[in-house]
Amino acid sequence: MVRLLHYSDIENLFDDAERAGRFAGRIRELDGDDALVVGTGDNSAPGVVSLAASGRQIIDFADAVDTVADTFGNHDFDYGPDATRELVADSPFTWVSANARDEDGERFGAEAGVVPWTIAEADGERVGFFGLTDPATDSINPQAAPLSFTDPYEAAAAAVEELREAGVDYVVALSHLGGGDDELARRVDVDAILGGHVHSVRTEHVDGTLCTRPGVNGHEFVEVELGNGGAAAARGDGGIAASARVIDPTEGSVHEDLTDALERRREAAGLTETVATVTEPLERTDETTFGGESRIGNFVADAYRAAADADVGLQNGGGIREGPPLSGEVTLADLVSVLPFEEPVVVVELTGRELLETFSEADGAELDFGEPHWWHAHLSGASLRWDEESGELVEALVDGEPIDPDRRYTVATAEYLLHSDHEFPTIEQRHRAGEVGIQHDVLADHARDGGLDVEIEGRMTFEP
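Criteria and cut-off values
- Residues numbered from 1 in each chain as written.
- Predicted model: local features only at pLDDT ≥ 70, side-chain atom pairs only at ≥ 80, totals over all residues.
- Heavy atoms only, no water.
- Axes fitted to C-alpha atoms, helices over the stretch in contact; angles between N-to-C directions.
- Helix = DSSP H or I, 4+ residues; strand = E, 2+ residues; numbered from the N terminus.
- Parallel < 35°, antiparallel > 145°, perpendicular 65-115°, else oblique.
- Left-handed = near helix turned anticlockwise from the far one by under 90°.
- Contact = heavy atoms within 4.5 Å.
- Nonpolar A, V, L, I, M, F, W, Y, C, P; charged D, E, K, R; others polar.
- Core = buried A, V, L, I, M, F, W, Y, C linked by side-chain atoms within 4.5 Å.
- Buried < 20%, exposed > 50% of the residue type's maximum accessible area, 1.4 Å probe, protein only.
- Polar contact = N/O pair within 3.5 Å; in protein donor to acceptor, adjacent residues only side chain to side chain.

## What about the packing of helix H1 (residues 17-30) against helix H8 (residues 256-269)?
Packing of H1 against H8 brings their axes to within 8 Å, and their N-to-C directions diverge by 150 degrees. Relative to H8, the element H1 is oriented roughly antiparallel. Crossing hand, H1 versus H8: right-handed. Between H1 and H8, the contacting residues are Ala17, Glu18, Ala20, Gly21 and Ala24 on the first element and Leu258, Thr259, Leu262 and Glu263 on the second. Of the residues belonging to the contact of H1 with H8, the class tally is 5 nonpolar, 2 polar and 2 charged.

## Description of the nonpolar core
The biggest cluster of nonpolar side chains holds 36 residues, and the ones touching the most others in it are Tyr7, Ile27 and Phe61. Secondary structure elements with two or more residues in this core: strand S1 (2-7), H1, helix H3 (57-65), helix H4 (81-90) and H8. One finds Val275, Ile296, Val300 and Ala444 within the second-largest nonpolar core, a separate group that totals 28 residues.

## A word on the side chain of Asp70
If you trace the backbone, Asp70 turns up in strand S3 (residues 67-70). A distance of 3.0 Å separates the side chain of Asp70 from the backbone nitrogen of Gly41, its partner in a polar contact. Side-chain polar atoms of Asp70 contact the side chain of Asn43, separated by 3.0 Å. Other than its neighbours up to four places away in sequence, Asp70 contacts Tyr7, Gly39, Thr40, Gly41, Asn43, Phe93, Thr94, Trp95, Val96 and Leu174.

This is the structure:
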């Protein structure tokens, strides 16, 4: 039997050095000669420590837990392709990617050590791992725009054939496809799919293939058992006896060396200035990020609109990162952790018709990296009424007035939305009319002006 210890999307876990040390310590406790530690992307960014270290804190972590292999998530390119290549070259583990291509259409990072697949041994058995990245990565991360990502299912089929020919006992996909994992299970003969990208926990079988996800920010990881029914049955067709359990790392012993390394990296960020004091904490959870109107969402959208003197402020839900609530003395580092990207707030000009279309795109049902019930907008200067049963926008107001289809409106938002074909695709580069500063700097300015004193105001209502 082989065990896989699977983590993914740990992102800003590193901003809490003790929690990260405990996460690593728990993995170490479960490690052994029959175990392999693997990741499935978005483990180097984003986060405050990540910004300070350009993602290289993942090297500290991999050293601590003895990672064998990882693949690329969209955020692993946050500092540009060259920084990712340097990270690969210095990593103590193997980066696997079967579908990432460089600026010239060649296999990304080959010279730095990226391979389509790798083989690792545990308990006398050989496990083949290959990696896949969401093919939309070049559109959802502007820093990855020079790269391309081929059809993941064709790339997977080729990798699986080569691994089977190499005589491995098991073939495992390290996937950052999100919602594409189900299609992968249906189309390709693998023994398990360890996934990421979607920030919810999953352990279930699809067409006989075990599919897992560990959630986000290191609140859990997954232990997978392969082959307790015998390697001969491990062919991804339902014959493999594969199981998974979700591990709570909070009771793990702290890996002190990792904690110390992360504390040094955080201190190097130099973001200790207190900018405001909060008496009623602003929560940052999946529920506040994707559940409709929230105080943290209102604060961000208000900051955008105030900085740009725009008609509307709009923040995509996924841009606000989950983490500890903002409470007490709020520092620059705290605000960077809300939006840990070196990305400007931009002003776009939309007609009233385009603005209505943008608002209608806030429903999460059509997005492949979230849950169907998620809501993806935080607003300032506007209010919406949404019919949950029909999934339709019933009413939209700006400054309390109905939207004039022929009028032009200014909207302050994250630059990311100009590049994304997924969230709010109506907003395009052609709508750009200016920019007003880096996101977390805009938040800091608004916080200094009292912007953290914010409430739920009925900006978004949902009717049954």
